[in-house]
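Examining the three-dimensional arrangement
What follows is each chain in one-letter form.
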Amino acid sequence: MSHPGQVHEPERHQTNTAAVIRITTVAAFGGLLFGYDSAVINGAVSSIQSTFDVGPGPLGFAVAAALLGAAVGAFFGSRIADRTGRIPVMKIAALLFLLSAIGCALTQSIEWLVFWRVIGGIGVGVASVIAPAYIAEVAPAHLRGRLGSLQQMGIVLGIFLSLLIDALLAHWAGGASQELWLGLAAWRWMFLIMAVPSVLYGIGAFMIPESPRYLVSAGRPDEARAVLSRIHGDDAVDARVAKIESTVNNERKPRFADLRGSMAGLKPVVWVGIGLAALQQFVGINVIFYYSNVLWESVGFKESDSFTISVATSVVNVLVTIVAIFLVDRVGRRPLLLVGSTGMAVTLAVLAVVFATANKVMVDGQLTPDLGPVAGPLALIAANLFVVFFGVSWGPLMWVLLGEMFPNHIRGAALAVAGAVQWIANWAVTVSFPSMSNYSLGMTYGVYAFFALVSLVFTVKMVKETNNVELEDMTAS
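Residues numbered from 1 in each chain as written. Predicted model: local features only at pLDDT ≥ 70, side-chain atom pairs only at ≥ 80, totals over all residues. Heavy atoms only, no water.

Turning to the overall build of the protein, a few remarks are in order. Secondary structure summary: the protein contains 19 helices and four strands in total. The buried share of the protein, reckoned over its 477 residues, is 60%. Of the contacts made within the protein by residues no fewer than 6 positions apart, 82% connect residues no fewer than 24 positions apart. (Helix = DSSP H or I, 4+ residues; strand = E, 2+ residues; numbered from the N terminus. Buried < 20%, exposed > 50% of the residue type's maximum accessible area, 1.4 Å probe, protein only. Contact = heavy atoms within 4.5 Å.)

Taking 1.5 Å per residue as the helical rise, helix α19 (residues 441-462) with its 22 residues ought to reach 32 Å, and the 31 Å between its terminal C-alpha atoms agrees with that figure. Of the residues making up α19, those classed as buried are L441, G442, T444, Y445, Y448, A449, A452, S455, F458 and T459. (Expected span 1.5 Å × (residues − 1).)

Along its 23 residues, helix α1 (residues 17-39) runs 32 Å from first to last C-alpha, staying within 8% of the 33 Å computed at 1.5 Å per residue. Residue V26 marks the point of greatest curvature in α1, where the axis turns by about 30°. (Bend = angle between axes of the 7 residues up to and from the residue.)

With respect to the element layout, G35 can be found in helix α1. As a C-alpha pair, G35 and Q152 span 117 residues in sequence and 8.8 Å in three-dimensional space.

I48, M90, M190, F191, L276, L348 and Y445 are the most contacted members of the largest nonpolar core, which totals 141 residues. When residues of this core are assigned to domains, at least three map to each of domain 1 (15-208) and domain 2 (255-476). (Core = buried A, V, L, I, M, F, W, Y, C linked by side-chain atoms within 4.5 Å. Domains from an automatic or database assignment.)

For the rest of this paragraph, the subject is the packing of aromatic side chains. Pairs of aromatic rings are described using the distance from one ring centre to the other and the angle between the two planes. Enumeration according to the criterion identifies twelve aromatic pairs in this entry. For the ring pair F355 and Y445, a centre distance of 5.6 Å and an interplane angle of 20° mean the geometry is stacked. Placement of the pair is F355 in helix α15 (residues 333-357) and Y445 in helix α19, with a sequence separation of 90 residues. What links up through ring pairs into an aromatic cluster is the set F52, W187 and F191. One cation-aromatic arrangement involves K91 over F206; the distance from NZ or CZ to the ring centre is 3.8 Å. (Phe/Tyr/Trp six-rings, centres within 6.5 Å; stacked < 30°, edge-to-face > 60°. Lys NZ or Arg CZ within 6 Å of the ring centre and 35° of its normal.)

Before going further, it helps to spend a moment on the side chain of D37. Along the chain, D37 falls in helix α1. Residue contacts for D37: discarding those within four places in its chain leaves A66, F97, S100, R117, G120, G121, V124 and M194.

Along the chain, N317 turns up in helix α14 (residues 303-331). Sequence separation of N317 and V156 is 161 residues, and the distance between their C-alpha atoms is 6.3 Å.

Keep in mind that these numbers describe shape and distance, not what the molecule does.
Here it is as structure tokens:
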């Protein structure tokens, strides 16, 4: 990592910005599928519960099942990509998304739904680590933050599209459980429509070049020069290839043993990656996108209103991610993380107080918070401000940092570990929310507020700025 006070000037060779954007946009399309696959379950949760007659525990497991697959995909995705290349792994992810879309739509049991969700989750996990690594490897340093943020833009667009499509299908059918087309209920079409972006992602993977860094490591420098000439222009190619070769020649294939270090058995930079990955999820962001319909219905909103609120929240998420893309290379990574952590802690604390102090009413045999004319709008505002602070900071920047912060010789292994941790944390939050919220929504949001505060302290103490530092200049610390 860079030394404090060291100034790095970004390389501004004759970058073909249009070519770079085209290439990275296709790679970030995996993020769109990642977001769609993750959030599509939101509109189907109530229907799945009634269709298969399952309680809160099994329901939480079914919703979170994709995240277990994602942890597996994230853990092995980088290692497979280091052996076969980045592009073949993207094609595999596209196929897994397609199979999951069809399988979830046609499932006849909760067990098979879990199976197909896991299959899709493996695709999500693979895409989650391959896209940021690929983008970091093809992007010039002075554009890397903005281009790396395209991964999160893909994710939030995928969330928005899935929630919008969920709402439209439920509206057209008269309810998510009602029959729509070809004898299938609307909630099944919510999954099946994911087949369309899955096919587009697979086609796109055939249209972008392999990572120049992988090509050099695979002994194909001429192909790497051809790719780099499209990105940087001829003047920069030889210098870039020579720089990549110098690092590749001085390193071994990524091994998990290389992650060992002086801080509790791991290198400090690996712990930073693990901390970033876990804390991004422990603030509870995906509760908003996986369970928001159920949450708002449980506190008195109609199903149609809950769909509308979820779509509106996803629009907010898209807009603030655009803001983050414009700010990340201008302001830097750490300042945005600090602002985001502070805002998340405050807004989550407000949600905790609102739900903890709300009057309780009996609904379907259990006590449920009853938000009045003041507390209801306050909860909506706080939830959306939480999304704003997350979307402008920890949402995109965790992926940017994981793609760029690790030294080259440990990047693959470190990304595998951090990516797996991110999905395990996501799974833990997702599977625990139904039971925790049944016990106390106030306590649940209090826990998330605590972790937001931890993320603030963690950023101050552990996270170093990587803005404008070339990947070849990252050093372990």
